[in-house]
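Architecture and fold: a report
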Amino acid sequence: MNIAVCIKSVPDPEFYDKITLDPQTKRLVRDGIPAVIGEADTHALEAALRLKEELGGEITVVSMGPPAARDQLMEALAMGADRAFLISDRKVGGADSLATSYTLSMLLKKTGTYDVILAGNESADGSTAHVPSQLGVWMGASHAANAVDVSWDQGIVVTRKFESGLGRYRLKTPCVIGVTGAANEVRFANVRTILAAKNKPLVIYSAADLEDLDENYLGLKGSPSQNGEVETMESSKQCVMITGTESEIAQKLADILRQSAVRKEEA
Amino acid sequence: MWYLNEERRLLQKTFRSYAQKRVRPLALEMEDNDASSREALLEMGKLGMFTMPVAESCGGTGPDYISWGLLLEELGKESATFGFLALLRQVFNGPMSAACSEEQIRKYVIPAVNGEILMGLAGNEPAGGNDLMEYQTKAVRDGDDWIINGGKVLVTQADEVDVFMVIALTRDQIDFTTMQGLDIFFVPTSDPGFSVGHIEHKVGLNGSRTGSVYFDNCRVSESDRIPNPWGILMGFGPELSGYAALALGGAESMIAKTADYLKNRIQMGRSLWDTHQAARHDLAKLQMEVYNFRNALYGHLANRNCGIHDSLEAGALKAATGPLMEKVASECMLLMGGTGVIHETGIERYYRDAKALQIACFSDKTFVDTVAGSL
Ligand SMILES: Cc1cc2nc3c(=O)[nH]c(=O)nc-3n(C[C@H](O)[C@H](O)[C@@H](O)COP(=O)(O)OP(=O)(O)OC[C@H]3O[C@@H](n4cnc5c(N)ncnc54)[C@H](O)[C@@H]3O)c2cc1C
Ligand SMILES: Cc1cc2nc3c(=O)[nH]c(=O)nc-3n(C[C@H](O)[C@H](O)[C@H](O)COP(=O)(O)OP(=O)(O)OC[C@H]3O[C@@H](n4cnc5c(N)ncnc54)[C@H](O)[C@@H]3O)c2cc1C
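Residues numbered from 1 in each chain as written. Chains lettered and ligands numbered in written order. Predicted model: local features only at pLDDT ≥ 70, side-chain atom pairs only at ≥ 80, totals over all residues. Heavy atoms only, no water.

1. Concerning the overall build of chain A
- In terms of helices and strands, chain A carries six helices and 13 strands.
- In terms of its C-alpha atoms, chain A occupies a principal-axis envelope of roughly 70 × 45 × 40 Å.
- Each of the 267 residues in chain A was classed as buried or not, and the buried ones make up 44%.
- For chain A, the exposed surface amounts to about 15,100 Å²; the carbon and sulfur share of it is 51%.
- In chain A, 28 positive and 36 negative side-chain charges are present, and the distance between their average locations comes to 3 Å. (Helix = DSSP H or I, 4+ residues; strand = E, 2+ residues; numbered from the N terminus. Buried < 20%, exposed > 50% of the residue type's maximum accessible area, 1.4 Å probe, protein only. Areas by Shrake-Rupley, 256 points an atom, 1.4 Å probe, with all protein chains shown as cover. Lys, Arg positive; Asp, Glu negative; His and termini not counted. Charge placed at Lys NZ, Arg CZ, Asp CG, Glu CD.)

What follows is the structure in structure tokens.
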């Protein structure tokens, strides 16, 4: 089975309190913040490793991002993926989810034909959860999001989570699946696999390396969604002593809680 | 850090994640109930974590001592005891390639490296760690077999090990010129003659289940006798530098916890960190010792990667382990006030572990005497 996994390099959650928004560009300022593989993507990779263990085949990881995103691909190789491709180019930078999914689809088409394409259900930073479904459309493949289980039973079977319950689907291949953190427990990398990673192929492409790219869907220019106004939330601590009888205190506390649950503009 | 490269960073990340996710939840259990770490240790083996720096002929990944140091450092951050138990795997496996037969490597060493079995050392006797001549455990030849009788004390994981390396006298006297008269046998603990005695209550390293073991007519075959026992006994020496990596990790985590405490402990509107230069400097001085210690350790391990295995240096590092851990724990407890002495804060146990670490695998004072002998 030929499996592809989309890996996004995202800021390390341990440093979230240090991330700021650039007021001009509305982009995240990530200087000095280490990057990691997005949490959901590690579950997508784990699902791929399990499918490969059961069915054999090859796992290809793909990413779009800055040159440093190579480190996260290397990590995926250390986890057990077989080969990796990164597209890194100013032309594809600043992409919204549509431009991202378009570019990823072109990278996937360039690098092979895949039976199953796994992605995190939603990234740890942008978190739109658009990319997996959009990718399905670009690839002309069946697709399912919110997967809490990915398995093989004479074909790909996906369990999806809805607000009202769970649904099981058989997907025709090729297919694209958005995998959630509930799908599996991610393994620890094996030392032998880590040591083997440096001998596996890791290729970095520029936009020019991908033939037939439609500039209308590339990068910031090709992105129909542009960031609007962003506000930084102010938060401060204030201590108020509530006095009175027990029931008065309870009443006042309830009032405060009720008020604080109402957003400013609604109040 | 000069000794890190991409591969070692990846390893370090995995070791850290393993230590935080698996060892952290186990640490207090081991401390309070002498709980077993057997499953976690076997899992580590399956994850290839005991392949460094073991020879490829023994199922290892070759001699990268620096990666081995990184592993022990990360484990030491969460639990000195767990780190100690992981370290023992290498202390045992390290000298094996030069000492064992191919059959023994296949039967015992490779399964131990791969986390299929746990190996232990039953060496020490009431007569003392060093006084081999007075050992009471004897092996007597019986056809193709050996019959072993005797007992050992202060044996780590006395009731958790699958196979012990048992030191036994095979003659009335050890001939120190031909090195004959003392042998080491692999003895599976499934042998009907094997039994476990008392598990000790110790000052530190709780969870390592130190106890007595007995051999009552245990029968092993000649092929279970290690051909070069002195290769094992002498081979342990260089491996003892791993102790320093445990201490390094322990010291780093204690300092980090203390800095965090001082910065977040607000009194009269300001943090202790901001108000007390003395506290900041006390902690900074410990950190400076850690810098020096770290460079000494990884310098030594880098030398070992180049084939230089200096037992005297390794002994010096082993002997520096307990004092560093004890000093950092003592200072950090003081800097953290009441919180510092509370069990669950996880600092005071390093204070106790330091003492036990000074005696396990030969008393620190032995190394001082060896260095004195070299002058
Ligand atoms: C605060 C914020 C709000 C945003 N809002 C919008 C918005 O409303 N509309 C919009 O179009 N864009 C938006 N963006 C931009 C968008 O998030 C990303 O820039 C886009 O590149 C990918 O979308 P995502 O991260 O939301 O992906 P998601 O769809 O959440 O990601 C799902 C999975 O797709 C895969 N994937 C996503 N990106 C990559 C990649 N670069 N390489 C490999 N795999 C990848 C991963 O497996 C990932 O887990 C926003 C960004 C931020 C920071
Ligand atoms: C936590 C722990 C785990 C252990 N695990 C194992 C194990 O798995 N397997 C095993 O076989 N043994 C194990 N031991 C035993 C350990 O190897 C011995 O305790 C150690 O070698 C010291 O021997 P002893 O206790 O007989 O002390 P003694 O020989 O009685 O020595 C007492 C003291 O005398 C001094 N001294 C002794 N010899 C010298 C010397 N040559 N030079 C200078 N001073 C000296 C030292 O101060 C020493 O501490 C363990 C011990 C501990 C504490």
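2. A short note on the overall build of chain B
- Tallying secondary structure elements over chain B gives 14 helices and nine strands in all.
- For a compact globule of 375 residues, the expected C-alpha radius of gyration is about 21 Å, and chain B comes in at 21 Å, within 12% of that figure.
- Expressed as lengths along the three principal axes of its C-alpha atoms, the size of chain B is roughly 80 × 45 × 40 Å.
- By the burial criterion, 56% of the 375 residues in chain B qualify as buried.
- Pairs at least 24 residues apart make up 74% of the contacts formed inside chain B by residues separated by at least 6 positions.
- Charge centroids of chain B, computed over 35 positive and 48 negative side chains, lie 7 Å from each other. (Rg over C-alpha atoms; globule rule 2.2 N^0.38 Å. Contact = heavy atoms within 4.5 Å.)

3. What about the environment of Glu246 of chain A?
Residue and element names in this part refer to chain A.
- Looking at where Glu246 falls in the secondary structure, it is placed in helix α6 (residues 246-260).
- Among the residues examined, Glu246 registers a relative accessible area of 73% and is labelled exposed.
- Spatially, the C-alpha atom of Glu246 lies 64 Å from that of Leu195, the residues being 51 residues apart in sequence.

4. Considering the site of ligand 1
All names here are of chain A.
- If you check the shell around ligand 1, you find 26 residues, and the closest are Lys8, Asp41, Thr100, Ser123 and Thr128.
- Backbone polar atom of Ser97 to an oxygen atom of ligand 1: 2.9 Å apart, as the coordinates give it.
- Here an oxygen atom of ligand 1 and a side-chain polar atom of Thr100 are 2.5 Å apart.
- Of all the elements in the fold, those that place two or more residues in the shell around ligand 1 are β6 (58-64), α3 (97-111), β8 (116-120) and α4 (131-138).
- Broken down by class, the residue content of the shell around ligand 1 amounts to 10 nonpolar, 11 polar and five charged. (Near = heavy atom within 4 Å. Polar contact = N/O pair within 3.5 Å; in protein donor to acceptor, adjacent residues only side chain to side chain. Nonpolar A, V, L, I, M, F, W, Y, C, P; charged D, E, K, R; others polar.)

5. Details of the interface of chain B and chain A
- Taken together, the contact pairs 20 residues of chain B with 16 residues of chain A.
- Interface area for chain B against chain A, summed over the two sides, is near 1,500 Å², with a carbon-plus-sulfur share of 59%.
- Across the salt bridge formed by Arg70 of chain A and Glu6 of chain B, the nearest N and O atoms sit 2.8 Å from each other.
- Joining chain B to chain A, the criterion identifies seven residue pairs in polar contact (both at pLDDT 80 or more).
- It is helix α1 (residues 6-33) of chain B that provides the largest number of residues to the side of chain B that touches chain A, a total of 11 residues.
- The residue inventory of the side of chain B that touches chain A, partitioned by class, reads seven nonpolar, seven polar and six charged. (Buried area = accessible area lost by both parts, 1.4 Å probe. Salt bridge = Lys/Arg side-chain N within 4 Å of Asp/Glu carboxyl O.)

6. Re the site of ligand 2
All names here are of chain B.
- Inspection of the region around ligand 2 gives 19 residues, with Leu121, Gly123, Asn124, Leu154 and Thr156 positioned closest.
- Residue Leu121 places a main-chain N or O atom 2.8 Å away from a nitrogen atom belonging to ligand 2.
- Within the backbone of Leu154, one N or O atom sits 3.0 Å away from a nitrogen atom of ligand 2.
- For ligand 2, the protein covers 69% of the area, taking 960 Å² as the surface of the free molecule.
- Mapping ligand 2 onto the cavity grids shows that it belongs to the second largest pocket.
- Considering every element that reaches the shell around ligand 2, the biggest residue donor is helix α14 (residues 364-374), with three residues. (1 Å grid on protein atoms, 1.4 Å probe; cavity = no way out; pocket = protein on both sides within 12 Å on 5 of 7 lines; lining within 4 Å. Sits in = over half its atoms within 2 Å of the grid points.)

7. Examining the domain arrangement of chain A
- Domains assigned within chain A are domain 1 (2-217) and domain 2 (237-267).
- Computed over C-alpha atoms, the centres of domain 1 of chain A and domain 2 of chain A are 45 Å apart. (Domains from an automatic or database assignment.)

8. Quick look at the pairing of strand β7 (residues 83-87) of chain A
Residues and elements named next belong to chain A.
- Counting buried positions over the five residues of β7 gives five, a clear majority of the element.
- A two-sided burial pattern is seen for β7, the buried positions comprising Arg83, Phe85 and Ile87 on one face and Ala84 and Leu86 on the other.
- Where β6 lies against β7, five bridges are found, and the strand directions are parallel. Its bridge partner being in β7, Thr60 is matched across the sheet by Arg83.
- Crossover connection from β6 via helix α2 (residues 70-79) to parallel β7: handedness right-handed.
- Strand direction decides the pairing type here: β7 and strand β13 (residues 202-205), joined by four bridges, are parallel. Among the inter-strand pairings, Leu86 is bridged to a residue of β13, identified as Ile204. (Pairing = 2+ DSSP bridges. Right-handed = clockwise from strand over helix to strand, strands pointing away.)

9. A short note on the side chain of Gln104 of chain B
All names here are of chain B.
- Within the fold, Gln104 resides in helix α6 (residues 102-113).
- On the basis of relative accessibility, which here comes to 1%, the residue Gln104 falls in the buried class.
- Here Ser223 takes part through its backbone oxygen, which lies 2.8 Å from a polar atom of the side chain of Gln104.
- Residues in contact with Gln104, not counting those within four places in the same chain, are Val109, Phe186, Ser223, Asp224, Arg225, Ile226 and Pro227.

10. Points about the pattern of salt bridges
- Tallied over the full model, the rule gives 37 salt bridges over all chains.
- The partner of Glu53 of chain A in a salt bridge is Arg187 of chain A, and the shortest N-O contact between them spans 2.7 Å. Placement of Glu53 of chain A in helix α1 (residues 39-55) and of Arg187 of chain A in the loop between β12 (175-179) and α5 (191-196) is noted, with a sequence separation of 134 residues between them.
- On the basis of relative accessible area, Glu53 of chain A is assigned to the exposed category, the value being 57%.
- Among the residues examined, Arg187 of chain A registers a relative accessible area of 28% and is labelled partly exposed.
- In this structure, Lys198 of chain A and Glu7 of chain B form a salt bridge, with 2.5 Å as the shortest nitrogen-oxygen distance. In this pair, Lys198 of chain A sits in the loop between α5 and β13 while Glu7 of chain B sits in helix α1, so the two residues belong to two different chains.
- Classification of Lys198 of chain A by relative accessible area gives exposed; the value is 52%.

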